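Fold and geometry: a report
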Amino acid sequence: MFLARCSPGYLLGSICVVILSFLTFTGLLYLLYITYIRLKYAHMPGPKYGSFLFGNLTEVRRGTADGKVFGMIVLEWSQKHGKVISCAILHLNIIIILDPVAIKHLLVTKNSPKGAVPYDTLSVMHGERFFGHGLVSERRNKKWAERRSLMNPTFRRRFLKLSMDQFNSSVDLLITKLRKKADGKSIVSMSEEFLRLGIDIIAKVAFGTDLNVMFEVENPFVDASKLAFSAVLRSMRYPLDNYNPCSRKFRQEVRAAVRFLRQTGRDVVEKRLAARLNGEEVREDDMLGYWLKASDYLKNPEFQMEDVLDEFVTIFLAGYETTANAAAAMLMELVRNQDILNRVRSEIQHVVCGRTEVKFEDLANLTYMSQVFKETLRVYPIAPSLTRHLKKEETVVGVRIPGNSYISVDLYSLGRQDEYFEDPHTFNPDRFSNAESIVPYTYMPFSLGPRNCIGQNFAQIETKVLFAKLLPLFDFTWVPGQSYDIVDMGTLHLKDGCQNYITLR
Ligand code: HEM
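Right, let's walk through the structure included here. (Residues numbered from 1 in each chain as written. Predicted model: local features only at pLDDT ≥ 70, side-chain atom pairs only at ≥ 80, totals over all residues. Heavy atoms only, no water.)

Quick look at helix 15 (residues 338-352)
- Helix length check: helix 15, at 15 residues, gives a terminal C-alpha distance of 20 Å against a target of 21 Å (1.5 Å per residue), a fit within 8%.
- Taken as a whole, helix 15 has its buried residues at Ile340, Leu341, Val344, Arg345, Glu347, Ile348, Val351 and Val352. Within helix 15, the buried residues cover an arc of 160° as seen down the axis, which keeps them to one side. Seen from the open side of helix 15, the exposed residues pointing more than 90 degrees away from its buried face are Asp339, Gln349 and His350.
- Looking at the packing, one finds that the buried side of helix 15 touches helix 14 (305-336), helix 16 (360-365), helix 17 (367-379), helix 19 (456-473) and strand 10 (474-478).
- Note on helix 15: the residue one or two positions beyond its end, Cys353, has a positive phi of about 55°. (Helix = DSSP H or I, 4+ residues; strand = E, 2+ residues; numbered from the N terminus. Expected span 1.5 Å × (residues − 1). Buried < 20%, exposed > 50% of the residue type's maximum accessible area, 1.4 Å probe, protein only. Arc of directions from axis to C-beta. Contact = heavy atoms within 4.5 Å.)

Here it is as structure tokens:
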């Protein structure tokens, strides 16, 4: 009755007043919250805020626009403010830890749990279950520990040893492909080649399946995983974009990509379960086979189909990209440092003796190659930061960190501290010739403590088989004009994709 009597102008005016009042009220609440956060961390060392509202966001944005990765900015901060510092991105304060005593305490002794940022973004992407409760994103330590103990045996060296043929034959596929491109004229992005190799190896070694990624230029699995990765980064960098109506189509595509990745896993698992029901002999010597057997073929309530799919997505996405980017960075450094390359080659010649197959026993003897790999990960820690949540207030190395804080170990700047690494900007694998000379808790590209990387043996085997087979066969020439820069896409990548001309030796 009342509404019926109101003029449209009056109604519109009233709606505007309500909306404006609501926005002013929310804005005031946000300002109050920011003030509370700024006061909470006011006592901590760290860079000055560029603005009260944005904190250090503008400086970080300016730095990344100039081609810096976050770790480079942290390195500058640490030189001025020390090794436990606070920085703010809007209302989120992050405590960056670069001190080995603090790292040991928070990461290893205390095993501080993972926080909602960034792991919940991985768990569910735009409403679609993505990593779910897989190993990387599970935040409940008890649940995680059960799952980890189920999966641990399949990542031990003696289990992976059973798959040496597979590691070798996947690299053989890459060699076949590269032979066709080894004309000294074609530009080959080795980052892309290593990404595809990484997927092929995980598909076969972990899940006994072939996703045809090596030769298919347009491959739906490759495209879906790249899109899902880009969405994780976008969602973390621009959280408001998650609500932006203009990005609806992108979100729909991401949801479809995530569904596709999980469906691929479902098809693999269902095929194996069906074969077993039909009385066929099914593999129990690959990872999937072992997990299915250990969970009594999904009768364990803690390991049902959706749980297997969480691990399918987790192992793929945590495993292929990291190893591939590390291999690309290692190749870049080898191409840049011919003396190091020659030493690696003569070690391969000595250990593998011209055989076409790399044996498990060879791996331990490729010691100089191990040092090169370690040095690569010091300079290019592919997963560049480890984020944890500190529930209760703690004083570490004399600095009081308030409760309910996000802490982050920044591996990029940690590896460049001259207090821990002599001449840190020089690529020098010899610094790893004597393990004793590395200051404990300053080198951890696979993280440390209970939540360290389950796939580190896997990554080492893949890298060693790869280089032991590639380097004797091919010469790589860096395509001029491209940079040696890295970009932070959540993981570190070579900016220009490690483009090389290839020739047969
Ligand atoms: C050079 C290659 C690799 C690097 C640098 C790397 C690095 C890391 C780091 C730093 C973490 C800790 C992440 C965190 O605290 O949030 C991690 C965890 C993990 N990585 Fe890797 N990784 C590599 C290869 C692999 C491979 C090949 C796989 C699997 C085949 C894998 C699977 C995982 C999983 C499942 C976790 C979570 C472990 C847990 O919390 O129990 N990674 N990795």
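Regarding the site of the ligand
- Taken together, 26 residues lie near the ligand, and Tyr119, Trp144, Arg148, Arg388 and Cys453 sit nearest.
- A distance of 3.3 Å separates an oxygen atom of the ligand from a polar atom in the side chain of Lys114.
- Looking at the shell around the ligand, the elements with two or more residues in it are helix 7 (141-151), helix 14, strand 6 (385-390) and helix 19.
- The dominant element in the shell around the ligand, judged by the number of residues it contributes, is helix 14, at 6 residues. (Near = heavy atom within 4 Å. Polar contact = N/O pair within 3.5 Å; in protein donor to acceptor, adjacent residues only side chain to side chain.)

Considering the environment of Trp77
- Inspection of the secondary structure assignment puts Trp77 in helix 4 (residues 70-81).
- Using a relative accessible area of 2% as the deciding quantity, one classes Trp77 as buried.
- When the C-alpha positions of Trp77 and Pro45 are compared, they lie 9.9 Å apart, and in sequence the two are 32 residues distant.

Thoughts on the packing of aromatic side chains
- One pass over the full model with this rule turns up 15 aromatic pairs.
- Aromatic pair Phe70 and Trp77: ring centres 6.1 Å apart, planes at 85°, arrangement edge-to-face.
- Given a relative accessible area of 23%, Phe70 falls into the partly exposed group.
- Plain terms: the ring middles of Phe207 and Trp291 are 5.9 Å apart, the flat faces sit at 75° to each other, and that makes the pair edge-to-face. (Phe/Tyr/Trp six-rings, centres within 6.5 Å; stacked < 30°, edge-to-face > 60°.)

Describing the pattern of salt bridges
- The tally for this structure, following the rule as stated, stands at 35 salt bridges.
- A salt bridge links Glu193 to Lys177, with the nearest nitrogen and oxygen atoms 2.9 Å apart. In this pair, Glu193 sits in helix 10 (residues 190-207) while Lys177 sits in helix 9 (residues 164-181), placing the two residues 16 residues apart along the sequence. Across this residue pair, the class does not change: Glu193 and Lys177 are buried.
- A salt bridge links Asp362 to Arg355; the shortest N-O distance between them is 3.0 Å. (Salt bridge = Lys/Arg side-chain N within 4 Å of Asp/Glu carboxyl O.)

Some details on the side chain of His126
- Position of His126 relative to the elements: it lies in the loop between strand 3 (124-125) and strand 4 (128-129).
- On the accessibility criterion, His126 (17% relative accessible area) is buried.
- Those residues in contact with His126 that lie beyond four places of it in its chain are Asn242, Arg251, Val254 and Arg255.

Thoughts on the pairing of strand 10
- Residue alternation in strand 10 divides its side chains into a buried set, Phe474, Phe476 and Trp478, and an unburied set, Asp475 and Thr477.
- Taken together, the 5 bridges between strand 10 and strand 13 (residues 499-504) define a ladder with antiparallel strand orientation. Bridge assignment links Asp475 to a residue of strand 13, and that residue is Thr503. (Pairing = 2+ DSSP bridges.)

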